[in-house]
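# Fold and geometry: a report
Letter by letter, the chains look like this.
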Amino acid sequence: MSGDGALIECESLVRIYQTGPVEVQALQGLDLVVERGEMVAVVGASGSGKSTLLSILAGTDAPTAGRARVDRWNLLSMSRADRVRYRRHTVGFVRQQTAANLVPYLTAEQMVDLPMTVAGVPGHERRERSGELLEALGVGGCAKRRPGQLSGGQQMRVAIAVALANRPHVLLADEPTGELDTATSAEVFAGLRDVNRELGVTVVVVTHDPAVSGQVERTVAIRDGRTSSEVLRRTATADDGGTHIIAEEYAVMDRAGRIQVPRDYREALELTRRVRLALEPDHITIRPDA
Ligand SMILES: Nc1ncnc2c1ncn2[C@@H]1O[C@H](COP(=O)(O)OP(=O)(O)OP(=O)(O)O)[C@@H](O)[C@H]1O
């Protein structure tokens, strides 16, 4: 697998949910590599498997088959005690529903304090860290407020601070802007980017909002439980010295060499079950089986 030393590596990941006689393949051989320090958006239609992937990375759900590694942890063979340690120190998780992340009767600083108390961090260190985090997320002025006294965007930024309390390497966010209007969601995204750049935390954010792709350098698209394509964005300098963003779409190839040809390409050339492949000096052509 490419990306040795990557922080997150998933290969041929499978998750099957069994409810009675019904089997749902939520992930059907998903490949994903995230390097340390990256901020990646995972996009896909409802039901494509995004939340399942995030629960596996968060250590709250276990894969059925395949490989999944985060930092030094193998997510398929962790003991119960390792799982607790992993969830406490390696990953921070921000849930889809803003309110689900917060405790209604605690203030922002008490909520950031809580996971550190559970982890046995001394009081002075806890106070310093929660002040720093709330400040870094632009909600330093809200330290003494309870969730009911915060706007939706502020609540989400406090939730991010809570998730980062124990200095995790990875922050996982499941639709963090799903309940927010456009302006507020841009604010929350700015918070995630600050966390990524200034605190060096690797961020994986799941969303069904394609507009989010414009806000991160790499977007990974999931379709039917598989990674189907990636969009990379980079800044290029034109001849006149001006800069602009170039977004390039890549198909993802798995270890066995399988790639998914996008539906519009297939339809345009009426590609069906068999295609002709030809190796050229620097590329491969795919032609209809005429
Ligand atoms: N606990 C479960 N039991 C049975 N099936 C499940 C369970 N959780 C998810 N699924 C199914 O697995 C598939 C993937 O679901 P998942 O929630 O990962 O998709 P998603 O891309 O996050 O969707 P959304 O954007 O709607 O949250 C769906 O078909 C879903 O119905």
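What counts and how
- Residues numbered from 1 in each chain as written.
- Predicted model: local features only at pLDDT ≥ 70, side-chain atom pairs only at ≥ 80, totals over all residues.
- Near = placed C-beta within 6 Å.
- Helix = DSSP H or I, 4+ residues; strand = E, 2+ residues; numbered from the N terminus.
- Buried ≥ 20, exposed ≤ 12 C-beta atoms within 10 Å, placed from the backbone.
- Pairing = 2+ DSSP bridges.
- Right-handed = clockwise from strand over helix to strand, strands pointing away.
- Axes fitted to C-alpha atoms, helices over the stretch in contact; angles between N-to-C directions.
- Contact = placed C-beta atoms within 7 Å.
- pLDDT = per-residue confidence, 0-100.
- Parallel < 35°, antiparallel > 145°, perpendicular 65-115°, else oblique.
- Left-handed = near helix turned anticlockwise from the far one by under 90°.
- Nonpolar A, V, L, I, M, F, W, Y, C, P; charged D, E, K, R; others polar.
- Expected span 1.5 Å × (residues − 1).
- Arc of directions from axis to C-beta.

## Examining the site of the ligand
Taken together, 13 residues are adjacent to the ligand, and Tyr17, Ala26, Ser46, Ser51 and Thr52 come closest. For the shell around the ligand, the secondary structure elements donating two or more residues are strand S1 (8–19), strand S2 (22–34) and helix H1 (50–58). Among the elements that line the shell around the ligand, the one with the most residues is H1, at three residues.

## Concerning the pairing of strand S8 (residues 202–207)
Counting buried positions along S8 yields six of six residues, so the element is predominantly enclosed. On S8, burial covers both faces: Thr202, Val204 and Val206 on one face and Val203, Val205 and Thr207 on the other are all buried. Where strand S3 (residues 39–43) meets S8, five bridges bridge the pair, whose relative direction is parallel. Residue pairing in the sheet places Val43 in a bridge with Thr207 of S8. Here strand S7 (residues 170–174) pairs with S8 via five bridges, running parallel. Along S8, the bridge assignment pairs Asp174 with Val206. A crossover connection joins S7 to the parallel S8 through helix H6 (residues 182–198); in handedness this β-α-β unit is right-handed.

## Section: the sheet that holds strand S11 (residues 243–251)
Overall, mixed pairing links the seven strands, which are arranged S6-S7-S8-S3-S9-S10-S11 in an open sheet. Two strands lie at the open edges of the sheet, namely strand S6 (91–94) and S11, each paired on one side alone. Strand-to-strand, the axes of this sheet are offset by a mean angle of 20 degrees, without reference to chain direction. Along the sheet face, helix H5 (residues 152–163) touches S6 and S7 and points at about 160 degrees away from the line of S6. Packed on one face of the sheet, H6 meets S3, S7 and S8 and runs near 155 degrees to S8.

## Topic: the confidence of the model for the chain
This prediction gives the chain a mean pLDDT of 87; 97% of its residues lie at or above 70. Complex prediction metrics read pTM 0.85 and ipTM 0.93.

## Here we look at the sheet that holds S1
The four strands are arranged S2-S1-S4-S5 in an open sheet whose pairing can be described as antiparallel. Since the sheet does not close on itself, it has two edges, and those belong to S2 and strand S5 (73–74), each with one partner. Where S1 lies against S2, ten bridges are found, and the strand directions are antiparallel. Bridge pairing links Cys10 to Leu32 in S2. Against the sheet, H1 makes contact with S1, S2 and strand S4 (65–70), and its axis sits at roughly 65 degrees relative to S2, the strand it touches most.

## Some remarks on the packing of helix H3 (residues 108–118) against H5
For the pair H3 and H5, the least separation of the axes is 8 Å and the interaxial angle reads 25 degrees. One element, H3, and the other, H5, form an angle in the roughly parallel class. For the element pair H3 and H5, the recorded crossing hand is right-handed. The residues of H5 that touch H3, namely those facing Ala108, Met111, Val112 and Pro115, are Val158, Ala161 and Val162. Its residues placed into classes, the contact of H3 with H5 shows seven nonpolar, no polar and no charged.

## Overview of helix H4 (residues 123–136)
If you check H4, its first and last C-alpha atoms are 20 Å apart, about what 14 residues at 1.5 Å a residue would give, namely 20 Å. Every buried residue of H4 is listed here: Ser130, Leu133 and Leu134. Mapping the buried residues of H4 onto a view down its axis gives an arc of 95 degrees, with all of them on the same face. Within H4, the exposed residues directed more than 90 degrees away from the buried face are His124, Glu125 and Glu128. Buried residues along H4 sit against H3 and H5. A positive backbone phi angle near 75 degrees is found at Gly138, which sits one or two residues after H4.

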